[in-house]
Amino acid sequence: MSDLLRPQLNRRSFLRQTIGFSALAAFSPATLFAQQGGNDSPAPDPANQHLLMIGDWGTNKYLGQQIAVASGMKNFVDNRKIKPGALFMLGDNFYGSLIGGVDSPRWQTQFEQMYPTSHFPGKAYAVLGNHDYEFKIAFKVDTELAYAAHAQGTRWTMPAPWYTFKFPENDPIITFICLDTNLPGTKGDFFGTGITMTKAHRDEQDAWLRAELAKPRTTPFLAMVGHHPLYTNGIHKDNPILIKDWDPLLRQYKVDFYITGHDHDLQHLEFGGHPTSFVISGGGGAELVDWTTPPEKRGPFGGKVLGFTNMELNKNAVIMRHYNQAGQELHSFRKTPDGKVELLRPAVS
Ligand SMILES: [Fe+2]
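Colleague: Explain the coordination of the iron ion here, please?
Modeller: Octahedral six-donor coordination of a metal ideally yields angles of 90 or 180 degrees, compared with 109.5 degrees for tetrahedral four-donor coordination. At this site the iron ion is bound by Asp92 (OD), Asn130 (OD1), His227 (NE2) and His262 (ND1), with donor distances of 2.1 to 2.2 Å. Classification of the site at the iron ion as irregular follows from its 4 donor atoms and the range of 89 to 165° in their angles at the metal. Mapped onto the polypeptide sequence, the residues donating to the iron ion form the spacing pattern D-x37-N-x96-H-x34-H. With His227 in the loop between β10 (221–225) and α7 (240–252) and His262 in the loop between β11 (257–260) and β12 (266–269), the pair connects residues that are 35 residues apart, well separated along the chain. His227 sits in the buried class, given a relative accessible area of 0%. Taking relative accessible area as the criterion, His262 reaches 3% and is therefore assigned buried.

In structure tokens form, the structure reads like this:
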């Protein structure tokens, strides 16, 4: 194991781990660091496993912003000598129409070439956002599923609207349960397309999710991944439908991470006594949006920036790091299999 990911059990971090979790909901990040000191974030270790994730990236209006974030991701891989085992595409994969369906040139320009195999050779696991649930000449959900099934040599991975996999494939560390968050009644699109999954599909996914969660854990970490957050300080606000359906499951099964996009920013939310770390990575390219809850009030972190998220893993810890498009580390934290969360002081780059 890399020493960099080994929890440092000195007195200061012991105190932080002991008092830190329940305090997160009550104190701002600045207060936390002032009280607790904060260990420095270690440099990403190429010897560990890495995933890079972005949401809200396939923009039809802000291509320059998508290119800037993709460049930041490539520079991160180059500078840190990281070999990402996979990408996570957190929904709102394509805004606007995909004229030509699976043959749309946007697949090449905005996915295959935008995130090239030279830097991202692993699978690109994708989930469906509200903008993917649009009829724009064709139903984009069908197109995205068909592209995964039929495109020659693509890394685009979406075997179904909901699916699970373990990462890495050999000797896995984490189980991902990937979900379709477009539940009936969830008005995902700020401008209101109103298309969601059917009640029948909602019930089918619900039964599947509960069965997956009920299986004995085989990995140190467990994450649920989708597009819509349960909790967000961003413009879309907390989602009462998802909270009602899934928050009890997150608590019951002690899910370590709930990872989404949707709000075009980077966030990390913790709640006292809640086992789940809520991570939002929606800075893949689309226009930035405003806060409805100041991140100073509910944190520990919110950044109204374009950017991406790195997940570094070994069996003893996960480190999540938010980066802006320039590759500057904005926020990071370490989580261990016992559920402890330790905020890290972002590295100065
Ligand atoms: Fe969205």
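Colleague: Would you explain the confidence of the model for the protein in this entry?
Modeller: Low-pLDDT portions of the prediction should not be read for the details of their coordinates. Scored by pLDDT, the protein has a mean of 89; 87% of the residues are at 70 or more. Across residues 1–36 the pLDDT falls below 50, and counting only partners more than four positions away or on other chains, this stretch makes 70 contacts in the model.

Colleague: When you look at the sheet that holds strand β13 (residues 277–281) in this model, what are you seeing that I'm missing?
Modeller: The strands making up a sheet are joined through hydrogen bonds of the backbone, oriented either antiparallel or parallel. Pairing within the open sheet is mixed, and its 7 strands lie in the order β8-β9-β10-β11-β13-β12-β14. Looking at the sheet topology across the chains shown, the edges are occupied by β8 (163–167) and β14 (300–303). On average, adjacent strands in this sheet sit at an angle of 15° to one another, irrespective of strand direction. Alignment of β11 against β13, held across 4 bridges, turns out to be parallel. In the strand pairing of β13, Ile259 is matched with Val279. Against the sheet, helix α6 (residues 199–214) engages β8, β9 (174–178) and β10, with an angle of about 170° to β9. Contacting β10, β11 and β13, α7 runs over the sheet at an angle of about 145° to β11.

Colleague: Honestly, helix α3 (residues 63–80) in this entry has me stumped. Any pointers?
Modeller: The α-helix advances 3.6 residues per turn, and as a result positions three or four apart in sequence lie on the same side. Taking 1.5 Å per residue, 18 residues should reach 26 Å; α3 reaches 26 Å between its end C-alpha atoms and fits that length. When we look at burial in α3, the residues that qualify are Gln66, Val69, Ala70, Gly72, Met73, Phe76 and Val77. Looking down the long axis of α3, one finds its buried residues gathered within 150° of arc, a one-sided arrangement. For α3, the secondary structure elements touched by its buried residues are β2 (49–54), β3 (86–89), α4 (105–112), β15 (307–314) and β16 (317–324). Immediately beyond the C-terminal end of α3, within one or two residues, lies Lys81, with a positive phi of roughly 55°.

Colleague: For this particular structure, what's the right way to read the nonpolar core?
Modeller: As a rule of thumb, nonpolar side chains are buried together in soluble globular proteins. Met73, Met89, Tyr115, Trp156, Met224 and Trp246 are the most contacted members of the largest nonpolar core, which totals 50 residues. Sort the elements by how many residues they give to this core and α3 lands first, with 5 residues. The contact partners of Met224, leaving out residues within four places of it in the chain, are Ile177, Leu179, Leu209, Leu213, Trp246, Leu250, Val255, Phe257, Tyr258 and Ile259. Phe167, Ala223, Val225 and Leu313 belong to the second-largest nonpolar core, a separate cluster that totals 27 residues.

Colleague: So what exactly am I meant to see when it comes to the pattern of salt bridges here?
Modeller: Close approach of charged atoms lets side chains of opposite charge pair. This model, assessed by the stated rule, comprises 17 salt bridges. One salt bridge in this structure joins Lys140 and Glu134, with 2.8 Å as the shortest N-O distance. Here the two residues Lys140 and Glu134 agree in accessibility, since each one is buried. Here Lys304 makes a salt bridge to Asp290, at a shortest N to O gap of 2.5 Å. Residue Lys304 is located in the loop between β14 and β15, and its partner Asp290 is located in the loop between β13 and β14; the two are separated by 14 residues in the primary sequence. A single salt-bridge network, built from bridges that share partners, covers Lys199, Arg202, Asp203, Asp206, Arg210 and Asp245.

Colleague: In this structure, what is going on with the packing of aromatic side chains? I would like to understand it.
Modeller: Between two aromatic rings, the relevant description is the distance of the centres plus the angle of the planes. Per the counting criterion, the structure on display carries 28 aromatic pairs. Centre to centre, the rings of Phe88 and Tyr125 are 6.0 Å apart; their planes meet at 45°, and the pair counts as tilted. Here the residue Phe88 occupies a position in strand β3, and Tyr125 occupies one in strand β4 (residues 123–126), the gap between them amounting to 37 residues. Under the relative-accessibility criterion, Phe88 is labelled buried at 1%.

Colleague: How do you make sense of the sheet that holds β2 when you look at a structure like this?
Modeller: Pairing is mixed across the open sheet formed by 9 strands, whose spatial order is β1-β18-β17-β16-β15-β2-β3-β4-β7. With partners counted over all chains shown, the strands left at the sheet margins are β1 (39–40) and β7 (156–157), one partner each. Of the strands in this sheet, β2, β3, β15 and β16 touch α3, which is tilted by about 30° from β15.

Colleague: Hey, could you run me through the environment of Leu179 in this one?
Modeller: Take Leu179: it is sitting in the loop between β9 and α6. Expressed as a C-alpha distance, the spacing of Leu179 and Thr164, which sit 15 residues apart in the sequence, is 8.6 Å. Not counting residues up to four positions away in its chain, the partners in contact with Leu179 are Val127, Pro161, Trp162, Gln205, Trp208, Leu209, Met224, Val225, Gly226 and Trp246.

Colleague: When you look at helix α5 (residues 140–150) in this model, what are you seeing that I'm missing?
Modeller: Among the residues making up α5, those that are buried are Lys140, Val141, Thr143, Glu144 and Tyr147. The buried residues of α5 occupy one face: seen down the axis, they fall within an arc of 165°. Among the exposed residues of α5, those pointing more than 90 degrees away from its buried face are Ala149 and His150. Looking at the buried positions of α5, the neighbouring elements they touch are α4, β5 (135–136), β6 (138–139) and β7.

Analysis parameters
- Residues numbered from 1 in each chain as written.
- Predicted model: local features only at pLDDT ≥ 70, side-chain atom pairs only at ≥ 80, totals over all residues.
- Heavy atoms only, no water.
- Donors = N, O, S within 2.8 Å, 3.2 Å for Na, K, Ca; no water.
- Tetrahedral: all angles 85-135°; square planar, octahedral: opposite > 155°, others 65-115°.
- Helix = DSSP H or I, 4+ residues; strand = E, 2+ residues; numbered from the N terminus.
- Buried < 20%, exposed > 50% of the residue type's maximum accessible area, 1.4 Å probe, protein only.
- pLDDT = per-residue confidence, 0-100.
- Contact = heavy atoms within 4.5 Å.
- Pairing = 2+ DSSP bridges.
- Axes fitted to C-alpha atoms, helices over the stretch in contact; angles between N-to-C directions.
- Expected span 1.5 Å × (residues − 1).
- Arc of directions from axis to C-beta.
- Core = buried A, V, L, I, M, F, W, Y, C linked by side-chain atoms within 4.5 Å.
- Salt bridge = Lys/Arg side-chain N within 4 Å of Asp/Glu carboxyl O.
- Phe/Tyr/Trp six-rings, centres within 6.5 Å; stacked < 30°, edge-to-face > 60°.

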